[in-house]
Amino acid sequence: MNLLDPILLSLRVAGLATVITAVLGLFLAARLNATRSRPGRILAGGLESLILAPMVFPPTMTGYLLLLLLGPNGPVGSLWGASGGLLFSWLAAVIASVVVSLPLMYQSAKTALTSVDPHCIAAARTLGSSERRIFWKITVPLAWPGIAGGMALAFARAIGEFGATLMVAGNIPGATQTIPLALYSAVESGNTSAANLLLGVTVALSFAIVIVVRWSERRTAASRAHRLAGGGSR
Amino acid sequence: MRIIPFFMLNSLRPLWLATAIAGLVIWSGSGCSGKDPLIISAASSLGPVLEELKPAAEAACGSRIALNLAGSGALRTQIESGAPADVFIPAASPDMDLLEKAGLILRDTRRDCAANALVLVSATRTLADGTHDLATTLAVWSRIAVGDPVSAPVGRYTTNVLARLGLEQSLSNKVVTGNSVRQIVSYIETGSVDGGFVFATDAQRLIQAGKARHLRRFTPAESGGEVRYPAAVLARSHNPEAARKFVLFLSGTTAQAAFERAGFTKP
């Protein structure tokens, strides 16, 4: 059993999924919670339940729904053109990972954005900043620890994704077999040495995620303290 | 306009580093493609044998082969939704029957490529041997692992055996139900049960690893039908010629020898 393929594929799938999830989650969290009008709030509520649904669904059910959506007869898969729709490709694994990790990113980003002191935003507004500039220069930096935490959770969830991926991407060694799928195959076929190795890799990855998050939190806190102490911004 | 404030670039260096590494990994891996391989959707229990046969099979059918291994039911759902598979090999006939009824397989290509049998094994620590009759042996056990008759094919055969031997009543409070044969195997491996009903291939692996002892092999008459692994070319195969050759290869001497080594029997 080749173990390098699933590891590289998992990093590739989870990496790309995290980038997409981060951008999408941040955008949705900012957009859905900025609406003030009544119909807008109702629409936002509906969209929010849709985003959070994969948290409630068992992964196989998410996988089954994605199968219908991405298959050659589904609304998304039929646009793709290829004979099997998007199924059995590593992109299908990325889509599955995005769908299951988006709720975590969305919820973290939402909490982080709403916890930003409105006075800072109001102050920037009185000084004539555009909303876009305020968002990128005030809101996002102040909310960053929460956003980064959401990204880490999303990455972790994407690395561990199994049920939905098995359904839409298949379990094809060298093409769509990620670490959890390889682990499943190894356990299923009684290949304990491969299973133990993959388990070790997964544990190491989860350690790495925690280390990166804690490091970034410390750096953020340090740079904020530095600025507050009069170090000035660069 | 500077979209990202400069201080962020600095204070978040580890995250940018992580992103850059992720980007490199994505970049490095995305360039792989070749001629479309034959996709074999097979029950995961067949994985080791098919993996071993892959080079010979590729030579025989003149196409690269990709194995897609999962539970038979999940594979069937994928095929029903139009997933691009070429050959289907489930661990139980009903999944194949459903696809045949839906016209999703090429009917004339269907043939059984291997067979299995139901076996009762005891965990190594259990004091039991095959000399007593089954009822006496099982009477002293306190826990026995059995497959769920709904979700695990092994459970259906086990239920038949227990009914035929009239043991259902006496075992009902000792039964530990597993969702798949794999779960039963791990109960036996860890010694969590006194023994259990598994397939001959699982029994062989358990016994070779010194984790179980063979007690009794059941005939197809006792287990209510033979355990068969049917194979067929799918109607939507992109390369039916090569797929046909693959299914024929499975019945050939090379493949049958490999199946036999893994504990399967001839269909």
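Given the structure is predicted, the values throughout are model-derived calculations rather than measurements.

Cut-offs used in this document
- Residues numbered from 1 in each chain as written.
- Chains lettered and ligands numbered in written order.
- Predicted model: local features only at pLDDT ≥ 70, side-chain atom pairs only at ≥ 80, totals over all residues.
- Heavy atoms only, no water.
- Helix = DSSP H or I, 4+ residues; strand = E, 2+ residues; numbered from the N terminus.
- Buried < 20%, exposed > 50% of the residue type's maximum accessible area, 1.4 Å probe, protein only.
- Contact = heavy atoms within 4.5 Å.
- Areas by Shrake-Rupley, 256 points an atom, 1.4 Å probe, with all protein chains shown as cover.
- Lys, Arg positive; Asp, Glu negative; His and termini not counted.
- Charge placed at Lys NZ, Arg CZ, Asp CG, Glu CD.
- Phe/Tyr/Trp six-rings, centres within 6.5 Å; stacked < 30°, edge-to-face > 60°.
- Salt bridge = Lys/Arg side-chain N within 4 Å of Asp/Glu carboxyl O.
- Pairing = 2+ DSSP bridges.
- Right-handed = clockwise from strand over helix to strand, strands pointing away.
- Domains from an automatic or database assignment.
- Buried area = accessible area lost by both parts, 1.4 Å probe.
- Nonpolar A, V, L, I, M, F, W, Y, C, P; charged D, E, K, R; others polar.
- Patch = residues over 30% accessible without salt bridge, like charges linked within 9 Å, V, L, I, M, F, W, Y side chains within 5 Å.
- Expected span 1.5 Å × (residues − 1).
- Bend = angle between axes of the 7 residues up to and from the residue.
- Core = buried A, V, L, I, M, F, W, Y, C linked by side-chain atoms within 4.5 Å.
- Axes fitted to C-alpha atoms, helices over the stretch in contact; angles between N-to-C directions.

Counting secondary structure elements, chain A contains 10 helices and zero strands. Sequence-ordered secondary structure for chain A, helices as α and strands as β, is α-α-α-α-α-α-α-α-α-α. A total of 234 residues make up chain A; the buried ones form 45% of that total. When contacts within chain A are restricted to residue pairs at least 6 apart in sequence, long-range pairs at least 24 apart make up 67% of them. Accessible area of chain A: about 11500 Å², with a carbon and sulfur share of 68%. Distance between charge centres in chain A, computed from 17 positive and 7 negative side chains, equals 13 Å.

Time to look at unusual backbone geometry. Residue and element names in this part refer to chain A. Despite not being glycine, F88 shows a phi value in the positive range, around 60°. Locating F88 in the fold gives a position in the loop between helix 4 (77-80) and helix 5 (90-114). Residue F88 is classed as buried on the basis of its relative accessible area, which comes to 10%.

The next thing to look at is the packing of aromatic side chains. Residue and element names in this part refer to chain B. Summed over the entire model, instances satisfying the criterion amount to six aromatic pairs over all chains. Judged by centre distance (5.5 Å) and plane angle (90°), the ring pair of F259 and F264 falls under edge-to-face. Here F259 and F264 have matching classes, each one buried. Taken together, the ring pairs connect Y229, F259 and F264 into an aromatic cluster.

Note on pairing: side chains with opposite charge can pair once their charged atoms come close. All names here are of chain B. Overall, the coordinates contain 16 salt bridges over all chains when judged by the stated rule. One salt bridge connects D108 with R244, and the closest N-O pair in it is separated by 3.1 Å. Note that D108 is positioned in the loop between helix 5 (93-101) and strand 4 (111-116) and R244 in helix 12 (residues 240-251), a separation of 136 residues in sequence. Taking the relative accessible area as the measure of exposure, R244 reaches 31% and is therefore partly exposed. The shortest N-O distance in the salt bridge between R182 and E189 comes to 3.5 Å. A network of salt bridges, in which partner residues are shared, links D97, E100, R107 and R110.

Residue and element names in this part refer to chain B. Most of strand 2 (residues 65-70) is tucked away, with six of its six residues classed as buried. Taken together, the six bridges between strand 1 (residues 38-43) and strand 2 define a ladder with parallel strand orientation. The residue bridging S41 from the neighbouring strand is N68, located in strand 2. Handedness of the crossover joining strand 1 and strand 2 through helix 3 (residues 47-61) is recorded here as right-handed.

This part covers the domain arrangement of chain B. Residue and element names in this part refer to chain B. Segmenting chain B into domains produces domain 1 (2-115 + 228-262) and domain 2 (118-223). Each partner contributes residues to the interface: domain 1 has five residues there, and domain 2 has five residues. Overall, the association of domain 1 and domain 2 removes approximately 430 Å² of surface from exposure, summing both partners, and the carbon and sulfur fraction of that is 43%. Residue composition of the side of domain 1 that touches domain 2, grouped by class: four nonpolar, no polar and one charged.

Moving on, we get to a nonpolar patch on the surface. Taken together, the side chains of M61(A), Y64(A), L65(A) and L68(A) define a hydrophobic patch exposed on the protein surface, amounting to about 350 Å² of accessible area. Take L68(A): it is sitting in helix 3 (residues 59-70).

This part takes up helix 7 (residues 131-160) of chain A. Over its 30 residues, helix 7 of chain A extends only 37 Å from the first C-alpha to the last, a length that falls short of the 44 Å expected when each residue adds 1.5 Å. Its axis deflected by about 65° at W144(A), helix 7 of chain A carries its strongest bend there, up to four residues before the proline P145(A).

Attention now goes to the nonpolar core. Most often, soluble globular proteins have nonpolar side chains that are buried together. If you look at the biggest cluster of nonpolar residues, it comprises 65 residues, and the most contacted ones within it are I89(B) and F246(B). A domain-level breakdown of this core finds at least three residues from each of domain 1 (2-115 + 228-262) and domain 2 (118-223) of chain B. Filtering out sequence-adjacent residues up to four positions away, F246(B) remains in contact with L38(B), I40(B), A57(B), C61(B), I65(B), V87(B) and I89(B). Judged by nonpolar contacts, the second largest core, of 52 residues, contains L70(A), V94(A), A182(A) and I105(B).

Residues and elements named next belong to chain B. Here we have five strands laid out as an open sheet, ordered 7-6-8-5-9, and mixed in their pairing. The open sheet is flanked by strand 7 (175-178) and strand 9 (212-217), the only strands paired with a single partner. On average, each strand axis in the sheet is inclined to that of its neighbour by 35°, with strand direction left out of account. The sheet contact formed by strand 5 (residues 118-123) and strand 9 spans five bridges and is antiparallel. Counterpart to S122 in the pairing with strand 9 is R213. Those strands touched by helix 9 (residues 181-189) are strand 5, strand 6 (144-147), strand 7, strand 8 (195-199) and strand 9, and its axis lies near 140° from that of strand 8.

On to the sheet that holds strand 2 of chain B. Residue and element names in this part refer to chain B. Strand order across the open sheet formed by five strands is 2-1-3-10-4, with mixed pairing between neighbours. Each edge of the sheet is formed by a strand with only one pairing partner; in this case those strands are strand 2 and strand 4. Strand-to-strand twist in this sheet, taken as the mean axis angle between neighbours without regard to direction, amounts to 15°. Pairing of strand 4 with strand 10 (residues 227-233) involves five bridges; the strand directions are antiparallel. Note that in strand 10 the partner of N116 across the bridge is V227.

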